[in-house]
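The residues making up each chain are set out below.
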Amino acid sequence: MTDPLSRPSDARQATALPIDLDARGLARWTWRQLTSMRTALVLLLLLALASIPGSVFPQEDVDSLAVSQWRDNHPRLAPIWDRLDLFAVYGSVWFSAIYILLMISLVGCIIPRLFVYARALRARPPRAPRHLSRLPESTSYTTAAAPEVVLERATTVIRRRRFRVEWEDGSDAVAAERGHLREAGNLLFHLAVIVVLVGVAIGSLFGYKGGVIMFNGEEYGFSNNLTQYDDFAGGSLFDPAVMEPFSFSITDFDVEWLTEGPQAGTARKFVAHLDYETEPGAETQEYDLRVNHPLSIGGTDVFLIGHGYAPVITVRDGEGNVAQSGPTVFLPTNPQTFESFGVVKAADAQPTQLGLEGSFYPTFSMGRDSRGNLTMPGSAFGNAIDPLVSLQVYTGDVGLDDGSSASVYVLDKSRATQLLKEDGQPFRMDLRPGETVTLPDGLGSVTFEGLQRWNKIQISRTPGKLIALAGVVTALLGLLGSLFVRPRRLWVRARRQDDGSTLVEVARLDRSSGGDPETGRDELADVVAALQQDRQGEQDPSDQKDQREDMS
Amino acid sequence: MIDAQWETLSNQAVAAAGVVYFLALLAYAVQWAALRDVPVRQLVGTDGEPVAAGPGDAAADVPDEEVAHRTETAGRLGLLLTGIGALAHLVALVARGMAADPNRVPWGNMYEFTLAGTFVVVALFLATTGRWRLSWLGPIVVGFTLCVLLADVLWLYEPVAPLTEALESYWLVIHVVAAVIATGAFTLGAITSILYLLKARSTRQTGYLARLPELASLDRISYRMHAFGFPVWTFGVLISGPIWAHQAWSSYWNWDPKEVWAFITWVVYAAYLHARATAGWRGRNAAILALVGAATLWFNFIGINFFSTTSQHSYAEGAGTERSVVLRLAGPVEAAEEVGVVVGPDHAGT
């Protein structure tokens, strides 16, 4: 290398487009532009910029509810946003384009550097520059020892410092080099980034993630196949055959409520006690499923991610038959007090379909405003101390006739009529467990039998996650090497002067971009000290012996 | 000691740290005021590079012996007080952790994170000032820490509370400690980058900027701070974070706003490291990139906590703590509105 200060990156600069170019020349120029450091830099910054919208606008994958709310609030912008993929930024064409270009740039940059590195590994340390004293880190001293003796010692001293040392016969200088691991780390880091991407891609192509809401009890068990999920998203190459045939049920659910301290009123220590079988016919095992403690079955993980109340409500129709019975999921509208909202539909009720809609209060209380007047009812506490459901009634078509998939959490009121009292106010019933209210007009009755709990269980299988993890860990190791290993060269030149003494010049060149003058100074000083120490040792054999002992 | 006493001790220690830092700032002010009108003489360091004499070397270039003595004493006093302040700061952190029941690491909310982050800034400064001759950085570090601590106590203070379920994991220790350390290092790097940009524009021969080390040296110090912070950030955000996210939320990367911004910060600092090796980007542009990185870092900490309602990392208020478990419900459960099976491409990972 002619210029000792050049760095590998200097060769990879973007250049202006030359005027006369044939197709091959143009292709080569384009490739050079794409793989230049400057382009990589711009692409990195673009990637950062392109990530921002995904944190500003709701994302379909993250929170589809927020997306639909956003659509409702911005009816004119939503179609434009859809066209720009702003609700699915991280899967969008333009976001993918940036990171794919970045990867191409990375590969195009790394592959030539692999060859350069392979050559550099075999290459000998470069010869000493003519004027060592002109290098920023250099020093010199004179000695009585012969130049050959000094250089001989220099090879030993420097080799002991784990440099690769080169002293050609007849040369007046020793050349040494170390720190190739920096570039190795650099290459490793960039290759590992590709491994991470592959791992992540495997996960999103072949993996799946689904959720199910489960009640306590054997009869509400879950077995792992597509039909059992409430929501499910599989990768585009997902094959249902990989789903492991496990099954489980929740035997009990515990939660601890804090009744004192600054966090009073919040819940902690959620535990869902599971009975599970890894495959049909296998032995039943138990597991306490908690937040942060998923259950792993084969390559699939089972998580507890939420819980709530499910009042057991029985609806009898006008003819006295049970039209609807069982626990109904009420979704918390207040995460602190677990005031929840839910819907009960009795499609088979006679003479007319019945729909119930209303709130559930785990600890019912009437709210009070600042003057002490009663206001809206509410829940004082998340624990079910005084549970109460407050329901309003709808009759007519409650949306189950046409067979279209209606949400179980929403009552379609477009073709239903609200049941009113004689004074024209909506009919409302407040039920505590065990209570029954008879509906007017012979419509039937509603009973609040008791309280169940539901758990939201998330099940996911992410193949490739260990590949991605190994990739990131490797990348980190490579990064450490590329940041903290210092590639450097050392030269020692010894020349006989006119007066018979020997002038020894020592110089050091730090080739890392974050050169460290203190370390450089120390290393140079250490080398010179070692050289001089050996020289003294030579002059006085007993001294040398002492030194050996000191060192051991 | 009972928990309430630990909590009181923590609060008192924060106050003590604040007072001592303020005294340190006064000492530094005395030192720099004395050097105000003394022109800087360029010295040549052993590495051949010119170095400006910092206040630590005051004796070398200040002709008046009395001034030299005064600046040196004031500088040493400043450093000593900074060290004492850091000790009080540490006591505040430890007591904060002891005050919780059960005892825990003191970084469960924004107040505690800021308390820990500013401690890292001071500790890193104290650890490197001797070797890298950073005494000139003292007044800035102390002033910055003082202001941030003040804001922390005034606006972010929260009484000690137990951790929420989702935070009860040893990954909290690993993930957040990495984030705190990296934040401290990046903050110091941002300070030196600002000083670099200011000095690059300044032509004055006296005063603070003139006494800073040469531009190349400032650039190097700033690089070292970032080179230390970047791997730690990588570990915190891209290794321990996803592992924990996988355990707590069933998916190692959720494109949660906090994650997005942590990723943006990572990308910007990666760009900074590349820029230092790219012709036309070294120096000024790299320093600007470092500041952009710091801006994304602090926006992530402040902005996302206060303005984002969707982030599962919203620990801004006491009430926010429970959110991480329960609000999560609102999403997936409502998503289940379409009862039945939806098999489609999962965009989340790609």
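Residues numbered from 1 in each chain as written. Chains lettered and ligands numbered in written order. Predicted model: local features only at pLDDT ≥ 70, side-chain atom pairs only at ≥ 80, totals over all residues.

So, on to the sheet that holds strand S5 (residues 222-223) of chain A. All names here are of chain A. Across the sheet, 4 strands lie side by side as S5-S7-S8-S9; this open sheet has antiparallel pairing. The sheet is open, and its two borders are formed by S5 and strand S9 (285-290), each paired with just one other strand. Examined bridge by bridge, S5 and strand S7 (residues 247-257) share 2 bridges and lie antiparallel to one another. Among the inter-strand pairings, Ser223 is bridged to a residue of S7, identified as Ser247. (Pairing = 2+ DSSP bridges. Helix = DSSP H or I, 4+ residues; strand = E, 2+ residues; numbered from the N terminus.)

Attention now moves to the sheet that holds strand S24 (residues 502-510) of chain A. All names here are of chain A. Pairing is antiparallel in the open sheet, where 5 strands are placed in the order S1-S24-S23-S3-S2. Where the open sheet ends on each side, the last strands, each with one partner, are strand S1 (137-143) and strand S2 (164-166). Neighbouring strand axes in the sheet, compared pairwise and without regard to direction, differ in orientation by 15° on average. Two elements, strand S3 (residues 173-178) and strand S23 (residues 488-496), share 6 bridges in a ladder whose sense is antiparallel. Note on S23: the bridge partner recorded for Glu177 is Arg489. Here helix H6 (residues 147-160) sits on the sheet and contacts S1, S2, S3, S23 and S24; the angle it forms with S23, its principal contact strand, is near 165°. (Axes fitted to C-alpha atoms, helices over the stretch in contact; angles between N-to-C directions. Contact = placed C-beta atoms within 7 Å.)

Moving on, we come to the pairing of strand S4 (residues 208-215) of chain A. All names here are of chain A. Extensive coverage of S4 is indicated by the burial of 8 of its 8 residues. Residues of S4 alternate between two faces, with Tyr208, Gly210, Val212 and Met214 on one and Lys209, Gly211, Ile213 and Phe215 on the opposite face, all of them buried. As judged from the 4 bridges shared by S4 and strand S6 (residues 231-234), these two strands associate in the antiparallel manner. Counted as the bridge partner of Lys209 is Ala233 from S6. (Buried ≥ 20, exposed ≤ 12 C-beta atoms within 10 Å, placed from the backbone.)

All names here are of chain B. Taken residue by residue, chain B gives an average pLDDT of 80. The fraction at 70 or more is 80%. The lowest-confidence element of chain B is helix H11 (residues 320-335), averaging 32 in pLDDT; the highest-confidence one is helix H5 (residues 138-156), averaging 94. Scoring the predicted complex yields pTM 0.83 and, for the interface, ipTM 0.82. (pLDDT = per-residue confidence, 0-100.)

Okay, unusual backbone geometry next. Backbone geometry places A:Asp441, a non-glycine residue, at a positive phi of 65°. With respect to the helices and strands, the residue A:Asp441 is situated in the loop between strand S21 (436-439) and strand S22 (444-461). Exposure remark for A:Asp441: the 11 C-beta atoms within 10 Å place this residue in the exposed category. In this structure, B:Trp255 is a non-glycine residue whose phi angle is positive, near 55°. Residue placement: B:Trp255 occurs in the loop between helix H8 (215-249) and helix H9 (257-275).

Moving on to the packing of helix H2 (residues 37-56) of chain A against helix H5 (residues 93-122) of chain A. Residues and elements named next belong to chain A. Contact pair H2 / H5: the axes reach a minimum separation of 10 Å and the direction vectors enclose 155°. Our classification of the angle between H2 and H5 gives roughly antiparallel. As H2 packs across H5, the resulting crossing turns out to be left-handed. Facing Thr39, Ala40, Leu43, Leu44, Leu46, Leu47 and Ala50 of H2, the residues of H5 in contact are Trp94, Phe95, Ile98, Tyr99, Leu101, Leu102, Ser105, Leu106 and Cys109. Here the residues of the contact of H2 with H5 sort into 14 nonpolar, 2 polar and no charged. (Parallel < 35°, antiparallel > 145°, perpendicular 65-115°, else oblique. Left-handed = near helix turned anticlockwise from the far one by under 90°. Nonpolar A, V, L, I, M, F, W, Y, C, P; charged D, E, K, R; others polar.)

Time to look at the confidence of the model for chain A. Any residue range with low pLDDT should be treated as having predicted coordinates unsuitable for detailed reading. Residues and elements named next belong to chain A. On average, chain A scores 84 in pLDDT, and the residues at 70 or more come to 90%. Mean pLDDT across the secondary structure elements of chain A bottoms out at helix H10 (residues 541-551), with 35, and peaks at helix H8 (residues 465-484), with 94. Per-residue pLDDT stays below 50 along residues 1-11; that stretch engages in 12 contacts with residues further than four places along the chain or on separate chains.

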